[in-house]
Amino acid sequence: MWWDGVILVTGGARSGKSEFAEKLAYERGKDDVLYIATSLPIDEEMKERIKRHRERRPSSWETVEAYKGLDKEILKREKKVVLIDCLTVMISNLLMEVDLTWENSTLEQIDEIEDRISQEVDKILIVSSGVEIIIVTNEVGMGLVPEYKLGRIFRDIAGRMNKKVAEASKEVYLMISGIPVKIKG
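Being a predicted model, the structure only gives us computed values, none of them experimental. (Residues numbered from 1 in each chain as written. Predicted model: local features only at pLDDT ≥ 70, side-chain atom pairs only at ≥ 80, totals over all residues. Heavy atoms only, no water.)

## So, the packing of helix H4 (residues 87-96) against helix H5 (residues 107-126)
For the record, the criterion: Every angle, taken between N-to-C directions, lies between 0 and 180 degrees, and every axis is a line fitted to C-alpha atoms, over only the stretch in contact when it is a helix. Numbering of helices and strands runs from the N terminus, with a helix taken as a DSSP run of H or I at least four residues long and a strand as a DSSP run of E at least two residues long. For this classification, under 35 degrees means roughly parallel, over 145 means roughly antiparallel, 65 to 115 means roughly perpendicular, and everything else is oblique. Handedness of each helix crossing follows the sense of rotation of the near helix against the far helix: counterclockwise by less than a right angle gives left-handed, clockwise gives right-handed. Whether two residues are in contact is decided by their heavy atoms: any pair within 4.5 Å suffices. We call Asp, Glu, Lys and Arg charged. Ala, Val, Leu, Ile, Met, Phe, Trp, Tyr, Cys and Pro are nonpolar, and the rest, Gly among them, are polar.
Contact pair H4 / H5: the axes reach a minimum separation of 10 Å and the direction vectors enclose 140°. Taken together, the axes of H4 and H5 lie oblique to each other. Judged by the sense of rotation from one axis to the other, the crossing of H4 with H5 is right-handed. Together, Leu87, Met90, Ile91, Leu94 and Leu95 of H4 and Ile113, Ile117, Glu120, Val121 and Ile124 of H5 make up the contact between the two elements. When the residues that make up the contact of H4 with H5 are grouped by side-chain class, the tally is nine nonpolar, no polar and one charged.

## Brief notes about the packing of aromatic side chains
We apply this condition: Two rings from Phe, Tyr or Trp (for Trp, the six-membered ring) form a pair when their centres are within 6.5 Å of each other. A pair whose planes differ by under 30 degrees is stacked, one over 60 is edge-to-face, and the rest are tilted. Exposed residues in this analysis have more than 50% of their type's maximum accessible area, buried residues have under 20%, and partly exposed residues fall in between, with area computed by a 1.4 Å probe over protein chains only. A ring has a charge above it when a Lys NZ or an Arg CZ is no more than 6 Å from the ring centre and no more than 35 degrees off the ring normal.
A full pass over the atoms with the stated rule returns one aromatic pair. Between the aromatic rings of Phe20 and Tyr173, the centroid separation amounts to 4.9 Å while the plane-to-plane angle is 65°, which identifies the pairing as edge-to-face. With a gap of 153 residues between them, Phe20 in helix H1 (residues 17-29) and Tyr173 in strand E6 (residues 171-176) connect regions that are remote in the sequence. For the pair Phe20 and Tyr173, one class covers both residues: buried. The cationic tip of Arg57 hangs over the ring face of Tyr35; the distance from NZ or CZ to the ring centre is 3.6 Å.

## Some details on a nonpolar patch on the surface
We apply this condition: The residues that make up patches have over 30% relative accessible area and no salt bridge, and they are joined within 9 Å when like-charged or within 5 Å when they are Val, Leu, Ile, Met, Phe, Trp or Tyr. Method for areas: the Shrake-Rupley scheme with a 1.4 Å probe, in which residue coverage is limited to the protein chains shown. Each reported salt bridge corresponds to a side-chain nitrogen of Lys or Arg within 4 Å of a carboxyl oxygen of Asp or Glu.
On the surface, Ile176, Ile179, Val181 and Ile183 cluster together into a nonpolar patch covering about 350 Å² of accessible area. No other element matches the three residues that strand E7 (residues 179-184) contributes to the nonpolar patch. On the secondary structure map, Ile179 appears in strand E7.

## A look at the pairing of strand E2 (residues 33-37)
The following threshold applies: One bridge is not enough; two strands pair if DSSP finds at least two bridges between them. Every crossover in which the path from the first strand over the helix to the second runs clockwise, viewed with the strands pointing away from the viewer, is termed right-handed.
With respect to burial, E2 is a largely interior element, five of its five residues being buried. Across the two faces of E2 the burial is the same, with Val33, Tyr35 and Ala37 and Leu34 and Ile36 all buried. In terms of strand pairing, E2 meets strand E4 (residues 81-85) through five bridges, oriented parallel. Bridged to Val33 within E4 is Val81. Here E2 pairs with strand E3 (residues 62-65) via four bridges, running parallel. What sits directly across from Leu34, in E3, is Glu62. Each parallel crossover has a hand, and the one from E2 via helix H2 (residues 44-56) to E3 is right-handed.

Pasting the structure below:
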């Protein structure tokens with residue numbers, strides 16, 4: 001089942017996902033766009049990345065910095081297009097909220113955390129009726145198996161959330177070296 005308004009843009013690091021998603025958002029919404037930035041300015045490098053993203057976007061776009069409760073942020077505003085950049089950073093932030101010794105975590109604990117993340121994703125998909133939502137995410141399953149347990153947990157959850165969103169999307173694009181390849185829709 002897919003929702004009318006969901007578009008997923010996935011690919012590897014520095015593949016041009018954000019730029020392509022911004023282009024789609026502008027083409028479809030012009031100035032009527034809500035940009036949801038999920039990154040946290042936790043260090044100087046992230047602050048610089050956030051600054052560059054801001055400078056690249058039209059100043060007329062409304063920007064919200066949040067990584068949970070995104071459905072509420074979308075519903076508060078009546079925008080034609082919503083761009084969420086990015087799902088994997090949102091997942092990472094939600095994982096870091098958990099007070100858990102990851103190396104000693106049980107499968108039951110991990111399943112509970114994944115269920116909470118899945119509920120956040122479901123809420124985004126549910127509010128997509130009547131608004132076009134473009135979601136940027138990183139393709140995390142094509143590289144090496146992470147050496148540490150938390151890395152494997154993140155990769156597995158992100159992979160399953162990417163799959164969930166792709167199944168719900170009317171269009172899916174895979175970015176390869178700056179080239180968008182439409183793989184669904």
